[in-house]
Amino acid sequence: MSAAEIQSLHVQLAQLNTKIETDEKSLNQFFLVVMGSFVMFMQCGFAFLEAGAVRSKNVVNILIKNVLDCFLGAIIYWAVGFAFAYGDMPDKDSSAFIGSKYFFSIYHEEYENYRANWFFQFVFAATASTIVSGAVAERTQFGSYLIYSTFITAFKVYPVVSHWGWSNTGWLTASKITSFHFAGSGLVHCCGGIAALVGAVFIGPRVGKFETVGGVKRSNNIPGHSVPVASLGAFILFLGFLAFNGGSVLAIVDGKTDNGEALAKSVMNTIIGGAAGSIFAISINLIVAIIYGEPQYWSLLVCINGGLAGMVSMCAACDALNTGAAFGIGAIAGLTLFWVSTVLKKFQVDDPLDAFAVHYGGGVCGILLSPIFAEYGIASVPGCVDQEDNFLETWNAACPANQIIQDQATNIFECDYYAYKQWTWNLIGLLAITAWTGAICIVMFGTLWYFDLLRVELDVEIRGLDIKKHGEPGYPTAAYGHGWDEEGSA
Amino acid sequence: MSAAEIQSLHVQLAQLNTKIETDEKSLNQFFLVVMGSFVMFMQCGFAFLEAGAVRSKNVVNILIKNVLDCFLGAIIYWAVGFAFAYGDMPDKDSSAFIGSKYFFSIYHEEYENYRANWFFQFVFAATASTIVSGAVAERTQFGSYLIYSTFITAFKVYPVVSHWGWSNTGWLTASKITSFHFAGSGLVHCCGGIAALVGAVFIGPRVGKFETVGGVKRSNNIPGHSVPVASLGAFILFLGFLAFNGGSVLAIVDGKTDNGEALAKSVMNTIIGGAAGSIFAISINLIVAIIYGEPQYWSLLVCINGGLAGMVSMCAACDALNTGAAFGIGAIAGLTLFWVSTVLKKFQVDDPLDAFAVHYGGGVCGILLSPIFAEYGIASVPGCVDQEDNFLETWNAACPANQIIQDQATNIFECDYYAYKQWTWNLIGLLAITAWTGAICIVMFGTLWYFDLLRVELDVEIRGLDIKKHGEPGYPTAAYGHGWDEEGSA
Amino acid sequence: MSAAEIQSLHVQLAQLNTKIETDEKSLNQFFLVVMGSFVMFMQCGFAFLEAGAVRSKNVVNILIKNVLDCFLGAIIYWAVGFAFAYGDMPDKDSSAFIGSKYFFSIYHEEYENYRANWFFQFVFAATASTIVSGAVAERTQFGSYLIYSTFITAFKVYPVVSHWGWSNTGWLTASKITSFHFAGSGLVHCCGGIAALVGAVFIGPRVGKFETVGGVKRSNNIPGHSVPVASLGAFILFLGFLAFNGGSVLAIVDGKTDNGEALAKSVMNTIIGGAAGSIFAISINLIVAIIYGEPQYWSLLVCINGGLAGMVSMCAACDALNTGAAFGIGAIAGLTLFWVSTVLKKFQVDDPLDAFAVHYGGGVCGILLSPIFAEYGIASVPGCVDQEDNFLETWNAACPANQIIQDQATNIFECDYYAYKQWTWNLIGLLAITAWTGAICIVMFGTLWYFDLLRVELDVEIRGLDIKKHGEPGYPTAAYGHGWDEEGSA
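Now for a quick tour of the structure. (Residues numbered from 1 in each chain as written. Chains lettered and ligands numbered in written order. Predicted model: local features only at pLDDT ≥ 70, side-chain atom pairs only at ≥ 80, totals over all residues. Heavy atoms only, no water.)

Description of the pattern of salt bridges
All names here are of chain A. Formally: Here a salt bridge means any side-chain nitrogen of Lys or Arg lying within 4 Å of a carboxyl oxygen belonging to Asp or Glu. Only protein chains enter the accessibility calculation, which uses a 1.4 Å probe. A residue is then buried if its area is under 20% of the maximum for its type, exposed if over 50%, and partly exposed in between.
In total, this model carries 33 salt bridges over all chains according to the counting rule given. Put simply, Glu461 and Arg455 hold a salt bridge, and the shortest N to O gap is 2.8 Å. Residue Glu461 is classed as buried on the basis of its relative accessible area of 3%. Overall, the relative accessible area of 21% leaves Arg455 in the partly exposed class. Here the salt bridges do not stand alone but share partners, grouping Arg55, Glu138, Arg206 and Asp350 into one network.

Written as structure tokens, this is what we have:
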């Protein structure tokens, strides 16, 4: 029991602590890599959801776009995208709006776990761009695709928006009001959704989608070439959304927080919300058909889109909802999908994948309903009384991913209708995302449209893009058939 | 070396310990989420295995069922299924039979890591229902599908059975004899398999499957529309089974047990068992063809089903088999598949996916062979001598997931042919699962059949379900073709 | 503060340490299982990449080969493959060349985390064999497939090569020069690639691939039957490569090393390298078309193969490259793919999947360029000066997976142009792999060719393998069509 022995014990304790923290660092990177891998697989999901929804003559065109969303996106996100999004420069005024460090990974050693974070953020960025490719499918010039996806994924649009809400210096995070941007209902899906809408409006509907017969406007169904292919994409997306939302915890171990609980909560809510969206979408579809006396179908594609809209609506606050709230918000997202899709058709906007209805519709539900139905949201915090005492401690314990730092000076959280402020702040975020993304996209798609670079020639659109532009038919006739006629077909 | 210093060291030690345990809790949830995600992807696997095995006119019908197995199942498993399965009420007599807590996640904070466990158990529940949809494919009313899947997945059938074997108070676990229900050869696969058989018997064969020509009964081959689609499903299932079995460890770190070893053992045995099943199934298929002088084929579909049967047989005890035993049990499962499938055809039961042969056949092999060939099983424990000494310690060290708690009073494990008792207990479990599931399913499918709700109209069956019931052909002709005739096909 | 109290503190410290190390062991096995599962899914990726690239009459044939690569491979790798590769016998001279322990998992308890390592190594072994099946697609006897895949995957070829570079006693690892065999650019991809070339040469081109018209040799395009199917495979492979390279860290936690950083680095570099390969391949394809005045296409299949070649080139040293070097090496791999593929066609070698160009081409780029562009490579270590001081410490800290053990006696690392030696050693490894694999394959394929066992009968090749050999057409005509002619097609 000499001082030396005590000292030795302290050293051993410190060593154990270092050991634990070294392991924690590695495990957090492992966590991001695994979750990011599932999210990266969503590129495959989007690719096949879109491939199944287009005609066979354009299937190669949509697939190569999805491959390049990944590959071209990677290069640009490495070069500039991550820098704009997360290159915080705390001493510069501009950094509330845009980052400016880590171009081409330079100085990356100053960003903790840079590579794992780059990977996880990159796969998110690729998603935002992919959303657009569905809305402008079957009629877009390849060159203009390269331009818009560069802008959106990796340059000025998505990185700026994600900087606002997810970096340390962005103006949405810097506020004292915590808004719900956990997994990006707004930052990813509303951003991608509004870009999809602007693209679809400027490029115009596909030939034959809308026609006026006897003075009556009519919307024709242009079915995609393969429901199984689209379903494959959907199943992959349902899987990917678990990691998309769950992975947004961003770290699994820190010795303090039960991040695993936030992860599991996100995953469970994503399933419940998606399930509710799916079931309510298919139900409203049936009910409306009954009301209007139309034939009633159990539609798989509505079921899929409903599930996706429900999962998108969970991106806002899946870590801060109880399961009942997840069910409710998902259900409303499923209904929203139906109405938004109907309205878009009324306005003769041709969005082959319902990308706007799924992503913007679902995203808005998430952003605006979460502050109402979340734990400690408007519905559960009636007025100011409940917030007086140890509201912050309770909140922070309940929502580790949405920690609120109390302002000691103003003490604003005492008796101040915090949940209402939060709703307002969420609305502000939504409007800002919509305005910024919309404005940039109007300029970008408008310019492409003005110079007639946006849309393929009429003849190519009618005869199909694959053979003319890519030299590769999706299903070459020469590759089919066999020589055993009496025994079946290959 | 004052008392204060000692005290400080104790505090630091306790803090380190808390740190480790907090991390362990999160890591266990992470583990369940990752494994559960792979298992959830099995829904996609089943969907495509089944989609490839039906005719193109019914492909949307089978896909929407698989999507709803996931989504409808989620809602019902959240509402009641988990409560029936794991809502232990130790003070109530009924809880050996059925649970009754955590409806709609209420009181979930009393269940450790509730959400991660709910997720992992839910993806298992979805599997049990999916098995049935294969057996009654191409001829089932959508409404009766909704009813039976609700019953099976989430209401009275699978939750009750899993309560018996996997909850803390179920009568199968409460016994002093540990039976092999590690990953559910019986609880999931025999349960799903027997339900599939009852469904297939009541609904009857598809039009054209069996016919009597000149007094001789004949079974016609009704090939599915796409071997590649079915193979995609199979590959996904092979992947998913690794997590299905491996994830059944249920926790990865606890500071004491080498759960990682049990995980790796399960994964390796699942591969070895599946491989043996596949190779023996394809071999017996070839050998029988040689014996009967029929044309000999290397059949991919037999190869796939053999692999699945082998993996199903591993679900019983993959954590307690050495690799040689895994090979043997898997091989027998592959042979069993062949015979069960042949017998079913003899009895003119039309099971398009061989769901009964794969899941019940493979499951029975697992349940009844594991106590024989497992480490410390009948084959390796010749009589009572070896068990006398420190049998329990050795066993428990070898099989952390199958811990045996010794009864101090009766001391039943000394010299008592424990392995034989275990085999008997496994048989009892199998019979109970079969009887309960069979009885419920006979009542349920019988009622639906009696009121003529089970099967679609003859005309719809012949012309196909997709267009009539879902309004969506799987491969709409309008979506095919292109305008570049001289250059190939799209 | 008695001695007893001190003693008690020491005990508690030791207990905590044991707790941490027990958890670390489990977590490392968990890590290998998760990474290995993603790699196992690559079998599905290869299967569909190849299935889409063959004609519909041979699609079942290629799929069953890929299923058996997994299942037959598992049995053989369990029986002998792992033993040849990792069965180190340090006291035997032969063990620099081949291992000889752990046949049928015997003595496996002497190998730490045997099962998790077996799993991870097995999925790698399956990959090497799969590469060949693409190159000899559409014309190979099933029996000869069984023979060559047994040899390659699990017997004499791949296990021996991986023993050289990855076991503790292999001659490539035993040298004092560390070469770049992190994830197997050479050991897996060059090995598989050269076997593919030898196979393709001996079996000869498919009927109709090459013809001489008017004295001019011409290469005909034989398109595969489904670009979407091939793309599905590609997307899965892109996902799998992240784990293929990232998982090669082999352990995630050890309390000392930041393995997570090596993991994340590998993943990020794999994406950057793959992206560069893809973009440069598609670009050179366009540029050459422009130069030769041919029609210019954005080719999806080139884009895919470029991405794969880029990722293959990352296997050598993805843990030791900065992102700029990854971009450069990937880009060169994309260009190499193009030229190698062109040269092969010139020599009238028919490699339907460009397996040689992707795997050998990409692999060579990885092996020979990594020592130049890696951190502390030739390009960054100009001469000997920089290496004098604490080179080893810096190197080892930077590249935990490529630890260099300094020879105290010779002190060879002082001022010795280490990077140049390393390049030479990489070249020696490449030549040895090529010579060994090439020689074995020449004997094996030569023998099969000599006895006319290699290739199917001309008639079967023309009419298709599926119906004749497997009894299962990929897409049976009887399974298509429906009875709702007025409403679309199913």
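Quick word on the relation of the copies chain B and chain C
Defined as follows: Residues below a pLDDT of 70 in either copy are left out; the C-alpha atoms of the rest, at least 70 in both, set the least-squares superposition of the copies.
After a rotation of 120° and a shift along the axis of 0.0 Å, chain B superposes on chain C with an RMSD of 0.0 Å. Such a combination of rotation and displacement between the chain copies is what one expects of a three-fold axis.

Regarding the interface of chain B and chain A
Selection criterion: Here, residues are in contact when the closest pair of their heavy atoms is within 4.5 Å. Note: buried area is the sum, over both parts, of the accessible area (probe 1.4 Å) each one loses when the two are combined. We define a polar contact as two N or O atoms separated by no more than 3.5 Å, with the added condition that, inside protein, one atom must be a possible hydrogen donor and the other a possible acceptor, whereas residues neighbouring each other in sequence contribute only through side-chain atom pairs. In this text, helices come from DSSP runs of H or I with a minimum length of four residues, and strands from runs of E with a minimum of two, each type numbered from the N-terminal end. Each residue is assigned to one of three groups, with Ala, Val, Leu, Ile, Met, Phe, Trp, Tyr, Cys and Pro labelled nonpolar, Asp, Glu, Lys and Arg labelled charged, and all others, Gly among them, labelled polar.
With 73 residues of chain B at the contact, the number on the chain A side is 81 residues. Both faces considered, chain B and chain A share a buried interface measuring about 6,400 Å² in area, 75% of it formed by carbon and sulfur atoms. Per-residue buried area on chain B facing chain A is highest for Phe71(B), Arg115(B) and Trp484(B); these three make up 13% of the total on that side. The tally of links from chain B across to chain A stands at three salt bridges. With a closest N to O distance of 3.3 Å, Lys25(B) and Asp258(A) form a salt bridge. In this assembly, chain B and chain A are joined by 25 residue pairs in polar contact (both at pLDDT 80 or more). Listing elements by their share of the side of chain B that touches chain A, those giving two or more residues are helix 1 (3–53), helix 2 (59–86), helix 3 (114–135), helix 4 (142–155) and helix 16 (465–470) of chain B. For the side of chain B that touches chain A, the element with the most residues is helix 1 of chain B, which contributes 26 residues. Here the residues of the side of chain B that touches chain A sort into 45 nonpolar, 18 polar and ten charged.

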